[in-house]
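Each chain is listed here by its residues.
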Amino acid sequence: MRPTGKLHLGHFTGALESWVEQQNMLDEHGARVYETCFLIADYHSLTTSLDTSDIYAHTLDMLVDWLAAGIDPQKSPLFRQSQVKEHAELFLLFSMLITSSRLERNPTLKEQVRDLNMDSLMYGHLGYPVLQAADILLYKGNVVPVGEDQIPHVEITREIARKFNNHYLHPVLGEVFAEPEPKITKFSRLVGLDGKAKMSKSLGNTILLADGPEEVMKKMRTAVTDTEKIRKNDPGHPEVCTVFSYHKKFATQEQLESIEVDCRAGSLGCVDCKKLCAGNISRELAPLIEKRRYYEANMDLVKEILLEGEMKAKVIACQTMQEVRAAMKLGETTCGNHH
Ligand code: SF4
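Residues numbered from 1 in each chain as written. Predicted model: local features only at pLDDT ≥ 70, side-chain atom pairs only at ≥ 80, totals over all residues.

1. Here we look at the overall build of the protein chain
Just so we agree on the cut-off: The helix count covers DSSP runs of H or I at least four residues long, the strand count covers runs of E at least two residues long, and both are numbered beginning at the N terminus. Restricting the calculation to C-alpha atoms gives the radius of gyration, and the globule rule supplies 2.2 Å times the number of residues raised to the power 0.38. Any residue with 12 or fewer other C-beta atoms within 10 Å of its own C-beta is exposed, any with 20 or more is buried, and the rest are partly exposed; the C-beta atoms used are placed from the backbone. The contact criterion used is a C-beta to C-beta distance within 7 Å, with each C-beta placed from the backbone.
A count of helical and extended segments in the protein chain gives 14 helices and four strands. In terms of overall dimensions, the protein chain is globule-like: its C-alpha atoms have a radius of gyration of 22 Å, near the 20 Å expected for 339 residues. Looking at the protein chain as a whole, 35% of its 339 residues are labelled buried. By sequence separation, contacts in the protein chain at least 24 residues apart represent 73% of the contacts at least 6 residues apart.

What follows is the structure, given as structure tokens:
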């Protein structure tokens, strides 16, 4: 995840919630199903903005949200891309394994160019999925939790892993990289309060994980509903309503059914419906806000967690690069001494 500062509900339902679930998933013997690593992609931020003045503050803010949501640093190393130099090194090697025309065909890139009205593209931005391939394969990731829009990037990672393995074999291990599989998150997107396709800080249509009940209610009042339901007793169409899309995520099954019936019948007004929705969201956020308060009062601990995560990540990254260099027959290495 890029360090964008405080996270919003869309980050929670689209990523964080399933990260925590995967982190804590146990098999029938009580052993963890996945070893999880969580990367703060601070170098990736440079592809769309060169202003780095807030990156560290945003990193810490985001980290507090991760911890509050249940990412456990004992189970999952949390680390910054910029602090583990092997990301840049593997990125360089991987950039020799893919053509620029392949990267230009990347549909996610085409979308970004259109959305951001870019008339030209930085070399590093074109190579974004190559850096992402390094991020994944440095830790021998075999499952990547992603939203649907990121699937083409995982495909590029698979192609790069294949290409590397075709060219270079480790004398003992054989193939260095396994081809990772994308794991689509269950509930990938939450529409913005304004009804736009997704919650986004730049669009100002978000509810933050740090928002208390009053703030949630205040924002909920601005949420776009069915524009044909003007008076309380007008029958509504929940399928076009932003608030109803939140109910699908945060209301109980029983509530959901009666909201749908009452909205259609015109016996539920949008004001009451929004109150119910805000209440459910705040109930979900209450434990996160409490944990957030604890970490905010102990920022030294948060910084320590980050540095410890980076120590762990460096050990794995260094090991992988030794294997890469051995497969490429680059000779003796001093890797391991420079950290
Ligand atoms: S009653 Fe609820 S679901 Fe129906 S339009 Fe209003 S806010 Fe949406």
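2. So, helix H9 (residues 151–167)
Rules: Here, expected helix span is obtained from the residue count minus one, scaled by 1.5 Å.
With 17 residues, H9 extends 25 Å between its outermost C-alpha atoms, agreeing within 8% with the 24 Å of an ideal straight helix rising 1.5 Å per residue. Listing the buried residues of H9 in full gives His 153, Val 154, Ile 156, Thr 157, Arg 158, Ile 160, Ala 161 and Phe 164. Turning to H9, the residues buried within the fold contact helix H4 (86–94), helix H6 (107–115), helix H8 (128–137), strand S3 (143–146) and strand S4 (181–184).

3. Digging into the nonpolar core
Applied cut-off: Note on terminology: a nonpolar core is any set of buried Ala, Val, Leu, Ile, Met, Phe, Trp, Tyr and Cys residues joined through C-beta atoms within 7 Å. Residue ranges for the domains trace back to a domain assignment, done automatically or taken from a database.
Residues Trp 66, Ala 133, Ala 134, Leu 137, Leu 209, Cys 277 and Ile 281 are the most contacted members of the largest nonpolar core, which totals 70 residues. When residues of this core are assigned to domains, at least three fall in each of domain 1 (9–190 + 298–327) and domain 2 (211–296). Those residues in contact with Ile 281 that lie beyond four places of it in its chain are Ile 207, Val 216, Tyr 246 and Phe 250.

4. Observations concerning the site of the ligand
Using the following cut-off: In this entry, near means the residue's backbone-placed C-beta atom lies within 6 Å of the molecule or strand. Residue type decides the class: Asp, Glu, Lys and Arg count as charged, Ala, Val, Leu, Ile, Met, Phe, Trp, Tyr, Cys and Pro as nonpolar, and the leftover types, Gly among them, as polar.
Near the ligand you find 14 residues, and of these Gly 236, Cys 241, Cys 263, Cys 270 and Cys 273 are the closest. Put simply, the parts of the chain that give the shell around the ligand at least two residues each are helix H11 (242–250), helix H12 (253–265) and helix H13 (270–296). Sorting elements by how many residues they give to the shell around the ligand places H13 first, with three residues. Of the residues that constitute the shell around the ligand, the class distribution is nine nonpolar, two polar and three charged.

5. Focus on the domain arrangement of the protein chain
Domain boundaries assigned for the protein chain yield domain 1 (9–190 + 298–327) and domain 2 (211–296). For domain 1 versus domain 2, the distance between C-alpha centres works out to 34 Å. On the domain 2 side, the residues contacting the 12 residues of domain 1 number seven residues. When residues in the side of domain 1 that touches domain 2 are grouped by element, the largest group, five residues, is from helix H3 (residues 55–69). Taken together, the residues of the side of domain 1 that touches domain 2 break down into nine nonpolar, two polar and one charged.

6. Description of the packing of H8 against H9
Packed helix pairs are characterised by how far apart their axes lie and by the angle those axes make with each other. We count it as follows: Lines fitted to C-alpha atoms define the axes here, with helix axes fitted over just the stretch in contact, and angles between the N-to-C directions of these axes take values from 0 to 180 degrees. Any angle from 65 to 115 degrees is called roughly perpendicular, while one under 35 is roughly parallel, one over 145 is roughly antiparallel, and all others are oblique. Each helix crossing is assigned a hand: it is left-handed if the near helix lies turned anticlockwise from the far helix by less than a right angle, otherwise right-handed if that turn is clockwise.
One way to put it is that H8 packs onto H9 with a least axis distance of 9 Å and a crossing angle of 70°. In this view, H8 runs roughly perpendicular relative to H9, as classed from their interaxial angle. For the pair H8 and H9, the sense of crossing is right-handed. Every residue of H9 that contacts H8 at Pro 129, Gln 132, Ala 133, Ile 136 and Leu 137 is listed here: His 153, Ile 156, Thr 157, Ile 160 and Ala 161.

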